[in-house]
Amino acid sequence: MKLGEVERLRGELTEFVADVFGSLPRRDQRRWGECYLRGLMLDGRRKSVQPMAERLPDGNMQALQQFVNQSPWDPLPVRRRIAERLTEVITPEVWVIDDVSFPKCGKSSAGVARQYCGAVGKRANCQVAVSVHAATDTASCPLEWQLYLPREWTDEPDRCRRAGVPDDVTHQEEWRIALGLLDTLAEWRLQAPVVVADAGYGVSTPFRVGLEERGLSYVLALTGKEVATQRTSRRTGLPTAGSGRRRCPATAPHHVPSLPSRPRRVRAGSPR
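Residues numbered from 1 in each chain as written. Predicted model: local features only at pLDDT ≥ 70, side-chain atom pairs only at ≥ 80, totals over all residues. Heavy atoms only, no water.

Draft legend 1. Examining the packing of aromatic side chains more closely. Within the structure shown, the criterion is met by five aromatic pairs. When the ring of Phe 21 is compared with that of Phe 67, the centres are 6.1 Å apart and the planes differ by 75 degrees; the resulting orientation is edge-to-face. Pair noted here: Phe 21 is in the loop between α2 (10-20) and α3 (27-41) and Phe 67 is in helix α5 (residues 61-69), with a separation of 46 residues, a long-range link. You can call Phe 21 buried: its relative accessible area is 7%. Residue Phe 67 is classed as buried on the basis of its relative accessible area, which comes to 6%. Taking 5.1 Å as the distance between ring centres and 15 degrees as the angle between the ring planes, the aromatic pair formed by Phe 67 and Trp 73 counts as stacked. (Phe/Tyr/Trp six-rings, centres within 6.5 Å; stacked < 30°, edge-to-face > 60°. Helix = DSSP H or I, 4+ residues; strand = E, 2+ residues; numbered from the N terminus. Buried < 20%, exposed > 50% of the residue type's maximum accessible area, 1.4 Å probe, protein only.)

Draft legend 2. Examining the confidence of the model for the protein chain more closely. Chain-level pLDDT for the protein chain is 83 on average; 83% of the residues reach the 70-or-more range. Across the protein chain, the element-wise mean pLDDT spans from 42 in strand β10 (residues 247-248) up to 97 in helix α9 (residues 174-187). (pLDDT = per-residue confidence, 0-100.)

Draft legend 3. Inspection of the pairing of strand β2 (residues 113-117) at higher detail. Counted residue by residue, β2 has four buried out of five residues, so it is predominantly covered. Strand direction decides the pairing type here: β2 and strand β3 (residues 122-135), joined by five bridges, are antiparallel. Note that in β3 the partner of Gln 115 across the bridge is Ala 124. Here β2 hands over to β3 after four residues, with Gly 121 in that stretch at a positive phi of 75 degrees. (Pairing = 2+ DSSP bridges.)

In structure tokens form, the structure reads like this:
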């Protein structure tokens, strides 16, 4: 957006900031939060603090930098309020679980490694985040997300510390992260209509079982090599969930092998 267009939205943006950043304890934090949002909305290829501060008439690089990575405020209440507002606007038909990749040139950013990068369609130097998006046929928005940290990072505590990764953060497979995100959204009292994901998640038996245990409806793409089994309860004569090596739970109709799927991805340090 052009600067003039952003300025015309200042009134609506002020209302949005007052609601979303209401949990921030200090007025100056809310002020620079609003300034940072305007910087993100402005045209410009680079969205790091310095170029955004240069484009904003009231930009202050030091103040924005402090707001982003030094000022002590809890991001979870902010993310929760954003998810609540977006869900009201979108009224999602599905929640999409997927990986979001960020190509990188250097090696210092937290989690950066040579791994599958969806942004370029091949293995490349990048960061990867697991995300849950609310989606309809016409719109989508992120509800929750978490950076994936390869083992090559968690095996080097000093490297993590230099990048600002908290000491208690450990390696988690992407499917575990996805289930954790769904649990967080459930704690926020947001309900998934139907969970969908590509074959990268569909081939993971623990992920499918985790969805079953949470009572979630889902549609997952498969590679075509999986086998669906169905067992019958001796007591009731009704189907029960069956599982086994590379086998789907008994609710096989939820799994649609014909869905478009990309090749199975291989993550550095994270075999599925």
